[in-house]
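Here are the chains, one letter per residue:
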Amino acid sequence: MLSATPARAKFKEHLGQANHFLVTALVALHELQQAKTATAPPELRTSWNPKDKSRSIARTRIFVTQSFLGWAVDSVDLYISLLNRRPKIVQDAQLISDLDGAGRSVLRKVRAISRAYAVHPSVAALIDVLITWRNNVFHELSDNRLSAESREALVQHSSDIQAGYRGLVVSGLTTKAERGDDLTFKEAASLINAAHKFVQDVDAEVLRRFDQRAFCLEAVEYALNDRTAPGFAAKFLKLSGIQRCRFVRNWLSNTLGFCSVAPETLEACATLRRRGKAG
């Protein structure tokens with residue numbers, strides 16, 4: 001089985017050390033504030049001579065924080081999109097329909113996922129805050145509002161959030177999200193952590209409901225009929241019997257991360273035929 005979906009592996013690749021990088025950037029800005037210099041080092045080969053160094057650093061700190069949070073939202077969107085890409089890890093027909101109907105709206109996708117996999121209300125509310133804030137900051141004409149469920153969850157679970165997110169106080173988050181106001185470092189870091197928690201919890205539930213046989217059959221059939229990547233089909237069709245089963249097993253392991261696949265599933269995959277072709 002899978003220990004994590006390929007979608008989560010890609011998410012972690014995108015956002016894995018975001019808080020570390022954010023801290024590194026803020027430490028660098030702090031050191032720049034303390035330094036006497038106000039010129040760029042020679043290796044940058046550009047000029048940097050702000051009229052007001054402190055103000056420039058303060059504005060840069062805001063920009064850096066905003067950029068990291070925007071990247072966090074994009075990473076969550078990437079995760080959900082990969083879950084719903086063929087071959088689909090998501091195997092719930094209603095959820096697939098909801099995700100397809102969400103279009104490009106990350107918020108609608110997240111809410112559909114949260115309903116389908118019973119994401120804890122506190123985590124769902126923090127993700128709502130993150131995306132609502134991002135939308136209102138990044139899109140000038142946006143006027144996003146938190147859902148009533150998120151508002152209620154922030155109040156009901158304020159103590160749990162404070163304990164689980166290093167003292168995060170949620171009382172001002174609704175206003176900040178809906179106005180696009182600047183966030184503190186603790187708030188920004190907590191929202192990034194919430195994105196990780198959301199993906200971790202969803203991934204565990206996806207795998208708990210996962211039908212390996214159905215997925216492997218879909219994955220092999222899709223690869224076999226993918227005209228843009230004929231290499232798989234050419235090798236698959238050239239082999240037979242045990243050799244074909246071994247090839248499928250190695251492909252499922254190397255491409256999709258399966259630690260093991262049941263022999264009967266491999267045999268079923270090995271009997272698939274290319275549409276319009278003999279096997």
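Residues numbered from 1 in each chain as written. Predicted model: local features only at pLDDT ≥ 70, side-chain atom pairs only at ≥ 80, totals over all residues. Heavy atoms only, no water.

Of the regular secondary structure elements, the chain holds 14 helices and 0 strands. Moving toward the C terminus, one meets the helices and strands of the chain in the order α-α-α-α-α-α-α-α-α-α-α-α-α-α. For the chain, the C-alpha radius of gyration of 23 Å lies well beyond 19 Å, the compact-globule estimate for 279 residues. Residue burial in the chain is summarised as follows: out of 279 residues, 43% are buried. (Helix = DSSP H or I, 4+ residues; strand = E, 2+ residues; numbered from the N terminus. Rg over C-alpha atoms; globule rule 2.2 N^0.38 Å. Buried < 20%, exposed > 50% of the residue type's maximum accessible area, 1.4 Å probe, protein only.)

Following the criterion strictly, the structure yields 7 aromatic pairs and no others. Arranged with centres 5.3 Å apart and planes meeting at 55°, the rings of F210 and F215 form a pair that is tilted. Taking the relative accessible area as the measure of exposure, F215 reaches 2% and is therefore buried. For the pair F232 and W251, a centre-to-centre distance of 4.8 Å together with 55° between the ring planes defines the contact as tilted. (Phe/Tyr/Trp six-rings, centres within 6.5 Å; stacked < 30°, edge-to-face > 60°.)

Before going further, it helps to examine helix 1 (residues 6-15). Burial in helix 1 covers these residues: A7, R8, F11 and L15. Looking straight down helix 1, one finds that the buried residues subtend no more than 95° of arc, so they occupy a single side. (Arc of directions from axis to C-beta.)

In this chain, R86 is followed by P87 through a cis amide linkage whose omega measures -5°. Counting through the fold element by element, P87 comes out in the loop between helix 3 (53-83) and helix 4 (93-101). For R45, which is not glycine, the phi torsion reads 55° and is therefore positive. Mapping R45 onto the fold places it in the loop between helix 2 (18-34) and helix 3. A relative accessible area of 79% means that R45 is categorised as exposed.

A separate point is the environment of K12. The topology assignment puts K12 in helix 1. Taking the C-alpha atoms as reference points, K12 and H196, separated by 184 residues in sequence, lie 8.2 Å from one another.

Going through the model one piece at a time under the given rule, you end up with 12 salt bridges. In this structure, R208 and E205 form a salt bridge, with 2.7 Å as the shortest nitrogen-oxygen distance. Within this pair, R208 and its partner E205 are both found in helix 10 (residues 185-208), separated by 3 residues, close to a single helical turn. Its relative accessible area of 15% is what places E205 among the buried residues. Each of R145, R151 and E178 takes part in one network of salt bridges that share partners. (Salt bridge = Lys/Arg side-chain N within 4 Å of Asp/Glu carboxyl O.)

Along an α-helix, a turn takes 3.6 residues, which lines up residues three or four apart on a common side. Buried residues of helix 12 (residues 230-238): F232, A233 and F236, and no others. Along the long axis of helix 12, the arc covered by the buried residues comes to 95°, so they all point the same way. Structurally, helix 12 contributes buried residues whose contacts are with helix 11 (212-224), helix 13 (241-256) and helix 14 (263-270). (Contact = heavy atoms within 4.5 Å.)

Glancing now at the layout of surface pockets. Taking a probe equal in size to a water molecule and rolling it over the atoms shows the remaining empty space. Volume-wise, the largest pocket comes out at about 360 Å³. As for the largest pocket, its lining consists of 15 residues, and the residues nearest its centre are P6, R85, R86, P87 and L256. For the lining of the largest pocket, the secondary-structure elements that each account for two or more residues are helix 1, helix 11 and helix 13. Considering each element in turn, the lining of the largest pocket owes the most residues, 4 residues, to helix 11. (1 Å grid on protein atoms, 1.4 Å probe; cavity = no way out; pocket = protein on both sides within 12 Å on 5 of 7 lines; lining within 4 Å. Points joined across faces, edges and corners; volume = space filled by probe spheres on them.)

Turning our eyes to something else, we now look at the packing of helix 4 against helix 5 (residues 106-116). Where helix 4 contacts helix 5, the two axes come as close as 9 Å, and the packing angle between them is 165°. One element, helix 4, and the other, helix 5, form an angle in the roughly antiparallel class. Along this stretch, helix 4 crosses helix 5, giving a crossing that reads as right-handed. Contacts between helix 4 and helix 5 involve L95, D98, L99 and G101 from the first element and R108, K109, A112, I113, R115 and A116 from the second. Across the contact of helix 4 with helix 5, the residue classes break down as 5 nonpolar, 1 polar and 4 charged. (Axes fitted to C-alpha atoms, helices over the stretch in contact; angles between N-to-C directions. Parallel < 35°, antiparallel > 145°, perpendicular 65-115°, else oblique. Left-handed = near helix turned anticlockwise from the far one by under 90°. Nonpolar A, V, L, I, M, F, W, Y, C, P; charged D, E, K, R; others polar.)

Mapped onto the secondary structure, N136 falls in helix 6 (residues 121-138). The buried category is assigned to N136, whose relative accessible area is 11%. Polar contacts involving the side chain of N136 include one to the main-chain amide nitrogen of N144, which spans 2.9 Å. At 3.4 Å, the side chain of N136 forms a polar contact with the backbone oxygen of E178. Not counting chain neighbours up to four residues away, the residues in contact with N136 comprise S142, D143, N144, A177, E178 and G180. (Polar contact = N/O pair within 3.5 Å; in protein donor to acceptor, adjacent residues only side chain to side chain.)

Function cannot be inferred from these measures alone, as they are strictly geometric.
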